[in-house]
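Examining the three-dimensional arrangement
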Amino acid sequence: MSINSQSMKIYIITPIYASTTKGDGATPLVHYFAREWVRMGHDVTVFNFMARFPRPYYWVGKMFQHQFNSRLGMLVPTHCPRDEDFVIEGVKVIRKTLIKYKPHTEYTHDKTEKALDVVRNECMKFGIPDYFIGHWDSPCMEILPRLKQEFHKPIVLVLHSNQFSFEKRYGNKAKDALKQFDVLGFRNRAALQDFESKYFKPARSFICYSGVSQAFLKAGERITKTFEEPIKNYIYTGSLIARKHSVQLYEALCMTYPSGDFTVKYVGDGAERANIEFKYAERKLGKVEFTGRIPRDSVISHLEQADVFAMISEGEIYGLVYLEAMALGLIPIGSRNEGIDGVIVDGVNGFLCEAGNVNELASIFSKIKNMPQRQLLEMSKAARKTALEFSDVRVAEKYLEDIKEG
């Protein structure tokens, strides 16, 4: 019988989870898996162990939010998290804060024991899970090997970075800790290959792709891109931070459309908005729109109006926004040798460009602008087909298949 047809108990341990606290820097990424597993009939509990720093840490984060987000390439917490238990879309979440005084350091022994006691109590009350699954290295590398020793159940860890930071946190203990995991997950192929070249080849590993929500897939069913008019409508979705090269997108469009016959919409917010506005004030070419940060499903109406999605970021772990655009049949342009490479196949379901390369991006824009309608329709169809293969449901099912014992 398939692992997905059997009801399982799954305990997830992660420092980042879908949030009820505004400004805590949380992402719902792990929740999308947990939600689908609950819908499949599995019993899922999430232990969200969050670092809690002295209050001045959050005051500084709030004062310099845009600068930190742009420089670090991540959302910096601006509000102090709190302990709470809640249920979101059928997923039981136990959130506990663990005091830290310095970011990117190992938890003290007493804080690790506090977290372990929370999981132990749940095991005693509601049963030992079939799998302990961790997302992000801390505090998972400290907690999960101990749980494996005590409860004799397989442990899984998904690493969420292309540049592994666990050695800075754990030092020489890192490799030994990682070898205790039954399965290691990576967010893209490049990260897995880099890990194997630097450290060791895991006994079992998998690529932990994110999935496209049904809202985007259903929108793609009712919307058909015709490309009857000349290509001129572009869109970017994501944080406006330096490593995502949103300014270079506008510069490449100016090179491709010297008459200014184009529209580019930026869905998101960040420090780079000021630089884009400065470039626009200098050149006064095209039409530039900013929506600010909006809810995920609200992006759909903006994608409907565009022909091409472009984001040539570096250090991109995965990039679900590409697949969301592909679900609606847009022509996607992503970064070569980054997280989306391999999902976007150059010249088949989109294009790949060197991260931040303005000249190459302008060349791709020119190619798309001059492509016959038939080729555009074929690429659009291929993009949507790829998105269907990466639906929320399919990637959640594949996740469980990939970690099951042989």
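Below, the structure is looked at part by part. (Residues numbered from 1 in each chain as written. Predicted model: local features only at pLDDT ≥ 70, side-chain atom pairs only at ≥ 80, totals over all residues. Heavy atoms only, no water.)

So, about the sheet that holds strand β12 (residues 308–310). Read across the open sheet, the six strands follow the order β11-β10-β9-β12-β13-β14; overall the sheet is parallel. What marks the edges here is a single partner per strand, and that holds for β11 (287–292) and β14 (351–353). With strand direction ignored, the average angle separating the axes of adjacent strands in the sheet is 20°. In the sheet, β12 pairs with strand β13 (residues 331–335) via three bridges, with the strands oriented parallel. When the sheet's bridge partners are listed, Val-308 is paired in β13 with Ile-331. Together, β9 (233–237), β12 and β13 form the strand contacts of helix α13 (residues 320–327), whose direction differs from that of β13 by roughly 165°. (Pairing = 2+ DSSP bridges. Helix = DSSP H or I, 4+ residues; strand = E, 2+ residues; numbered from the N terminus. Axes fitted to C-alpha atoms, helices over the stretch in contact; angles between N-to-C directions. Contact = heavy atoms within 4.5 Å.)

Running from N to C, helix α1 (residues 29–39) and helix α16 (residues 392–403) cross one another at 85°; their axes reach a closest spacing of 9 Å. Regarding the angle of α1 to α16, the classification is roughly perpendicular. Here Phe-33, Arg-35, Glu-36 and Trp-37 of α1 come into contact with α16, specifically with Asp-392, Val-393, Val-395, Ala-396, Tyr-399 and Leu-400. Each residue belonging to the contact of α1 with α16 can be placed in one class, and the counts come to seven nonpolar, no polar and three charged. (Parallel < 35°, antiparallel > 145°, perpendicular 65-115°, else oblique. Nonpolar A, V, L, I, M, F, W, Y, C, P; charged D, E, K, R; others polar.)

As a further point, take unusual backbone geometry. Here the bond from Ser-138 into Pro-139 is cis, since omega is 5°, no more than 30 degrees from zero. By the secondary structure assignment, Pro-139 is in the loop between β5 (131–135) and α5 (140–151). A positive phi angle, near 55°, is found at Lys-284, a position not held by glycine. With respect to the secondary-structure elements, Lys-284 resides in the loop between α11 (272–283) and β11.

So, on to the packing of helix α10 (residues 246–256) against helix α14 (residues 358–370). Running from amino to carboxyl end, α10 crosses α14 at an angle of 50°, the nearest separation of the two axes being 8 Å. As summarised for this structure, α10 and α14 are arranged oblique, according to the angle between their axes. Crossing of α10 against α14: the hand is right-handed. Packed against α10, whose contacting residues are Gln-248, Leu-249, Glu-251, Ala-252, Leu-253, Met-255 and Thr-256, the element α14 presents Val-358, Asn-359, Leu-361, Ala-362, Phe-365, Ser-366 and Lys-369 at the interface. Grouping the amino acids of the contact of α10 with α14 by side-chain chemistry returns eight nonpolar, four polar and two charged. (Left-handed = near helix turned anticlockwise from the far one by under 90°.)

With that out of the way, let us pick up the sheet that holds strand β7 (residues 183–186). The eight strands lie next to each other as β3-β4-β2-β1-β5-β6-β7-β8, forming an open sheet whose pairing is mixed. The sheet is open, and its two borders are formed by β3 (84–88) and β8 (205–207), each paired with just one other strand. Recorded for the sheet is a direction-independent mean angle of 20° between the axes of neighbouring strands. Contacts from helix α8 (residues 189–198) reach β6 (155–159), β7 and β8 within the one sheet, and its direction differs from that of β7 by about 130°.

So, on to the environment of Ala-387. Mapped onto the fold, Ala-387 is located in helix α15 (residues 373–389). Overall, the relative accessible area of 0% leaves Ala-387 in the buried class. As for Ala-387 and Val-343, which are separated by 44 residues in sequence, their C-alpha atoms are 9.1 Å apart. Discounting chain neighbours no more than four positions away, the residues touching Ala-387 are Val-212, Leu-217, Leu-323, Met-326 and Ala-327. (Buried < 20%, exposed > 50% of the residue type's maximum accessible area, 1.4 Å probe, protein only.)

Here we come to the nonpolar core. Core analysis: the biggest nonpolar cluster contains 129 residues, and Trp-37, Phe-166, Phe-195, Ile-333 and Ile-368 have the highest contact counts within it. Contacts of Trp-37, omitting those with residues within four sequence positions, involve Ile-10, Ile-12, His-42, Val-44, Ile-133, Ala-396, Tyr-399 and Leu-400. (Core = buried A, V, L, I, M, F, W, Y, C linked by side-chain atoms within 4.5 Å.)

Throughout the structure, instances matching the rule amount to 23 aromatic pairs. Ring geometry for Phe-195 against Phe-200: centres 5.2 Å apart, planes inclined by 75°, an arrangement best described as edge-to-face. We classify Phe-195 as buried; its relative accessible area is 0%. We classify Phe-200 as buried; its relative accessible area is 14%. Here the aromatic rings of Tyr-209 and Tyr-318 are separated by 5.4 Å at their centres, their planes lie at 40°, and the arrangement is tilted. In this pair, Tyr-209 is assigned in the loop between β8 and α9 (214–222) and Tyr-318 in the loop between β12 and α13, connecting sequence segments 109 residues apart. (Phe/Tyr/Trp six-rings, centres within 6.5 Å; stacked < 30°, edge-to-face > 60°.)

Structurally, the α-helix is built with 3.6 residues per turn, so residues lying three or four positions apart point the same way. Compared with the 16 Å implied by 1.5 Å per residue over twelve residues, the 17 Å span of α16 between its first and last C-alpha is a close match. What α16 keeps buried is the set Asp-392, Val-395, Ala-396, Tyr-399, Leu-400 and Ile-403. Taken around the axis of α16, the buried residues stretch over an arc of 140°, which confines them to a single face. (Expected span 1.5 Å × (residues − 1). Arc of directions from axis to C-beta.)

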